Amino acid sequence: MPAPLTRAYAAFLGALTPDAIPPACRDVARLGFIDSLGVLLAGRAEPVVTALLAALRAEGMAGDVPALLGAARLPAAAAALVDATAAHALDFDDFAFSNHPSAVIVPAVLAAGACAGADGARLVAAYVAGYEVWCDLFLREPD
């Protein structure tokens, strides 16, 4: 049986639609998303990113999900890993709750969105969902 926290997150995420997100929240989410795309673009040629991509390719990784804003195609999980590495490589990504949430959330959203054929509104809603859960987990008191 799922833990109560898992059920609560599933209920929240299942009810979240693009229309349910307040406009001001959508604006902030777009800003965070665009910022992450910018730092991902800036970091995509960094040595750590090229080394990771070379290692994945040496392992035979190939897929249909765009990585590095279309510069590579990989399986979804590998694309998210490479994009997250690029988004944090220069350490210019956002900082909140003692972490860099967008460098993790945006790559996962991009990979999942590519698999699902999501439009921009759904990508923003997925970003909001990830950020809300991240924040809730950070602020939660340990049991």
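Everything that follows concerns the structure shown earlier in this document.
Just so it is clear, the structure is predicted and the values come from calculations on it, not from any experiment.

What counts and how
Residues numbered from 1 in each chain as written. Predicted model: local features only at pLDDT ≥ 70, side-chain atom pairs only at ≥ 80, totals over all residues. Heavy atoms only, no water. Axes fitted to C-alpha atoms, helices over the stretch in contact; angles between N-to-C directions. Helix = DSSP H or I, 4+ residues; strand = E, 2+ residues; numbered from the N terminus. Parallel < 35°, antiparallel > 145°, perpendicular 65-115°, else oblique. Left-handed = near helix turned anticlockwise from the far one by under 90°. Contact = heavy atoms within 4.5 Å. Nonpolar A, V, L, I, M, F, W, Y, C, P; charged D, E, K, R; others polar. Disulfide = S-S within 2.5 Å. Buried < 20%, exposed > 50% of the residue type's maximum accessible area, 1.4 Å probe, protein only. Phe/Tyr/Trp six-rings, centres within 6.5 Å; stacked < 30°, edge-to-face > 60°. Core = buried A, V, L, I, M, F, W, Y, C linked by side-chain atoms within 4.5 Å.

Colleague: What should I look at first to understand the packing of helix α1 (residues 4-15) against helix α6 (residues 120-139) in this one?
Modeller: Geometrically, a packed helix pair is captured by the angle between its two axes and the distance between the axes. Between α1 and α6, whose axes approach to 11 Å, the crossing angle comes to 150°. Between α1 and α6, the angle is such that the two are roughly antiparallel. Seen from above, α1 lies across α6 with right-handed handedness. Contacts between α1 and α6 pair Leu5, Tyr9, Phe12 and Leu13 from the former with Ala129, Glu132, Val133, Asp136 and Leu137 from the latter. Here the residues of the contact of α1 with α6 are counted per class, giving 7 nonpolar, no polar and 2 charged.

Colleague: Just checking my understanding: could you explain the state of the cysteines for this structure?
Modeller: Here is the idea: a disulfide is a covalent bond, and it sits between the sulfur atoms of two cysteines. Overall, the coordinates contain 0 disulfides when judged by the stated rule. This cysteine, Cys25, is not joined by any disulfide, and Cys135 carries the nearest cysteine sulfur, 9.9 Å off. Among the residues examined, Cys25 registers a relative accessible area of 27% and is labelled partly exposed.

Colleague: Even after reading the chapter, I still don't get the packing of aromatic side chains, so can you show me in this structure?
Modeller: The geometry of an aromatic ring pair is captured by the separation of the ring centres together with the interplanar angle, meaning the angle of the planes. Within this structure, the stated rule accounts for 2 aromatic pairs. Among the aromatic side chains, those forming a connected cluster through ring pairs are Phe33, Tyr127 and Tyr131.

Colleague: What should I look at first to understand the nonpolar core in this one?
Modeller: Counting 18 residues, the largest nonpolar core has Leu53, Leu68, Leu74 and Val82 as its most contacted members. Put simply, the parts of the chain that give this core at least two residues each are α2 (23-43), α3 (47-58), β1 (65-67), β2 (72-74), α4 (76-89) and α5 (101-116). Of the residues forming this core, the biggest block, 6 residues, is contributed by α4. When near neighbours in sequence (up to four residues on either side) are disregarded, Leu74 contacts Leu53, Leu56, Met61, Ala62, Gly63, Asp64, Val65, Ala67, Ala79 and Val82. Ile105, Val106, Val124 and Tyr127 belong to the second largest nonpolar core, which has 11 residues in total.

Colleague: Please explain the environment of His88 as it appears in this structure.
Modeller: Looking at the element boundaries, His88 is found in helix α4. Taking the C-alpha atoms as reference, His88 lies 27 Å from Ile21; in sequence the two are 67 residues apart.

Colleague: Is there a simple way to explain the packing of α4 against α5 in this structure?
Modeller: Running from amino to carboxyl end, α4 crosses α5 at an angle of 150°, the nearest separation of the two axes being 8 Å. Crossing hand, α4 versus α5: right-handed. Along its contact with α4, which presents Ala76, Ala80, Asp83, Ala84, Ala87 and His88, the element α5 presents Ala103, Pro107, Ala108, Leu110, Ala111 and Cys115.

Colleague: Quick question: what am I supposed to make of the side chain of Ser36 here?
Modeller: Note that Ser36 resides in helix α2. Discounting chain neighbours no more than four positions away, the residues touching Ser36 are Ala87, Ser102, Ala103 and Val106.

Colleague: How should I be thinking about the side chain of Thr85 in this particular structure?
Modeller: Note on placement: Thr85 falls in helix α4. Beyond its immediate chain neighbours, meaning those up to four positions away, Thr85 contacts Val48, Val49 and Leu52.

Colleague: Sorry if this is basic, but what is going on with the environment of Ala112 here?
Modeller: Tracing the sequence through the fold places Ala112 in helix α5. Accessibility expressed as a relative area gives 48% for Ala112, which makes it partly exposed. Sequence separation between Ala112 and Ala79 is 33 residues, and the spatial gap between their C-alpha atoms is 9.8 Å.

From the geometry alone we can't say anything about function, so treat these as descriptive.
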